[in-house]
Amino acid sequence: MTSTLLLLPRDGLRHLTSANAGSSGSIKFKRSEPDDLVLISFIHTAMAGFHLTLEPKSHPMNSGLPGGEGFWFRVPVELHGWWYEITRRGDHVGVPFDEFAKRLPKRLIDPGAIGYFVLTYAPDADKPPYDETPVSRLVAWRVTRTGVFGASVAVEPEITGITQLHPYWPVADLSAVTVMVVGVGSIGGAAATALAGYGLGRLLLVDPDRLMWHNLVRHVLPRRYAGKYKVDALRDHLADQRGDTEITAFRYDVVDNADRIRGLLDETSIILCCADGVAPRRTTSHLARRAHTPAILACILADGGIGEVIRLRPWPDHGCLLCRRQALADGGTLDPEPALEAGYGTGTLHRPMTAVGSDLFLVGDLAAKVTISTALEAAGNFVHRLPGEHLTVGLQARRGWTGPFDLGYTGNIRWTPATPPRTDCPTCSQP
């Protein structure tokens, strides 16, 4: 295939293929020399002239410098067979100018020293007997005095984003789901990015902190967002990448602003807590249980050695976070998070500052997968059901841990079931 690539916005193809377009017209384009990239920015048909832009409007080619003019023609499909044969031979294989020009419905002007591009449209290329051949309806040519060479053209599709995967991915089920992500630091930022990649309908981002330079080594956000609130920066960052997901930012602290979080739970399908420290996890567990909303909790344990994802579902036989931790303590496995008031990166059980960014992203991705699987299971899609309610994954080889945390080797994973609620639990008992 050739190195030069022409981009045709979706509106351009509609104008070009219209029944009233005529058989020929002119085009204008913008060009990026370093990328050998050309944008068709204007097309003139028998009806009128049309300015063209790519989506999104911020695409750098839309503001590029003028790159010249050219032409388009409606042609027999045999000409595109010729294009196919010469482009297979490489960039420098062409055909004589005169031979090419006499196959067009109108005479070509002298290409001069600079040359120009020509688009040709063969409407019969997708009809028998050509519909099963590699011949395209639309191709491009670079016209020079020394010869005419094939160029590649890509048409912006009508449908982009997650809907391109329908029906192979449950797009409709996930478009109806709203997930609240509490804490959009290293784990939460990765989780929110993954959730948007799954085609989630709506994300509610909750975090009171700003992105600072020391965060950058372990965050999905780039340096240009330093100083901004994390929720605002992540919303803007994802908006351009994952336009299928509606994203709303809240500069709330889940503990200090629990009353406001409680009000948002009426519109939340699942709450995912990736916040640092124990207090946000306990608060999330309590709020979700009382709102009859599933919750996913993700964190790092053992000085960066173990990743943990817990699913809490408001079912009669499933206990909350405190019930789960107490069951581990009763079994001699784990003290139920004593460092309740420990600061960021401190404490005996939750020490995110000791983990490298890629391990944190891995846990965030796993938390997003658990969240999506939970949403799909609730929608009756059991292809994505999980084998348990408590996931632990070995990030480094750690010895001396017991129960579900006794993983032994990096890469080992373990799923364990939920534990029942305690009879004296203030969260699981009826208010």
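See the structure shown above.
Bear in mind the structure is a predicted one, so any value in this text is a computation, not a measurement.

A. Main features of the pattern of salt bridges. Enumeration over the complete set of coordinates arrives at 24 salt bridges. Among the ionic pairs, Glu-308 bridges to Arg-325, the shortest N-O distance being 2.6 Å. Linking Glu-308 in strand S15 (residues 306–312) with Arg-325 in helix H9 (residues 321–330), this pair joins segments that are 17 residues apart in sequence. Its relative accessible area of 0% is what places Glu-308 among the buried residues. By relative accessible area, Arg-325 is classed as buried at 1%. We note a salt bridge from Glu-377 to Arg-313, for which the minimum N-O separation is 3.3 Å. With Glu-377 in helix H10 (residues 357–378) and Arg-313 in the loop between S15 and H9, this pair connects stretches of sequence that are 64 residues apart. Note on Arg-313: relative accessible area 8%, which makes it buried.

B. Representation of helix H6 (residues 230–241). Relative to the 16 Å expected for 12 residues at 1.5 Å per residue, H6 spans 17 Å between its end C-alpha atoms, a close match to the ideal helical length. Turning to H6, its buried residues number three or more, namely Lys-230, Val-231, Asp-232, Ala-233, Leu-234, His-237 and Leu-238. Residues of H6 that are buried sit in contact with helix H5 (186–197), strand S11 (202–206) and strand S12 (246–250).

C. Spatial organisation of the sheet that holds S15. Across the sheet, which stays open at both edges, the 8 strands sit in the order S12-S11-S10-S13-S14-S15-S16-S17 with mixed pairing between neighbours. Where the open sheet ends on each side, the last strands, each with one partner, are S12 and strand S17 (413–416). When the angles between neighbouring strand axes are averaged without regard to direction, this sheet yields 15°. When strand S10 (residues 178–182) meets strand S13 (residues 270–273), the two strands line up parallel, connected through 4 bridges. Each bridged residue has a counterpart across the sheet, and for Val-181 the counterpart in S13 is Leu-272. Sitting on the sheet, H6 is in contact with S11 and S12, with an inclination near 165° to S12. Contacts from H9 reach strand S14 (295–301), S15 and strand S16 (390–394), with the element oriented near 125° to S15.

Cut-offs applied
Residues numbered from 1 in each chain as written. Predicted model: local features only at pLDDT ≥ 70, side-chain atom pairs only at ≥ 80, totals over all residues. Heavy atoms only, no water. Salt bridge = Lys/Arg side-chain N within 4 Å of Asp/Glu carboxyl O. Helix = DSSP H or I, 4+ residues; strand = E, 2+ residues; numbered from the N terminus. Buried < 20%, exposed > 50% of the residue type's maximum accessible area, 1.4 Å probe, protein only. Expected span 1.5 Å × (residues − 1). Contact = heavy atoms within 4.5 Å. Pairing = 2+ DSSP bridges. Axes fitted to C-alpha atoms, helices over the stretch in contact; angles between N-to-C directions.

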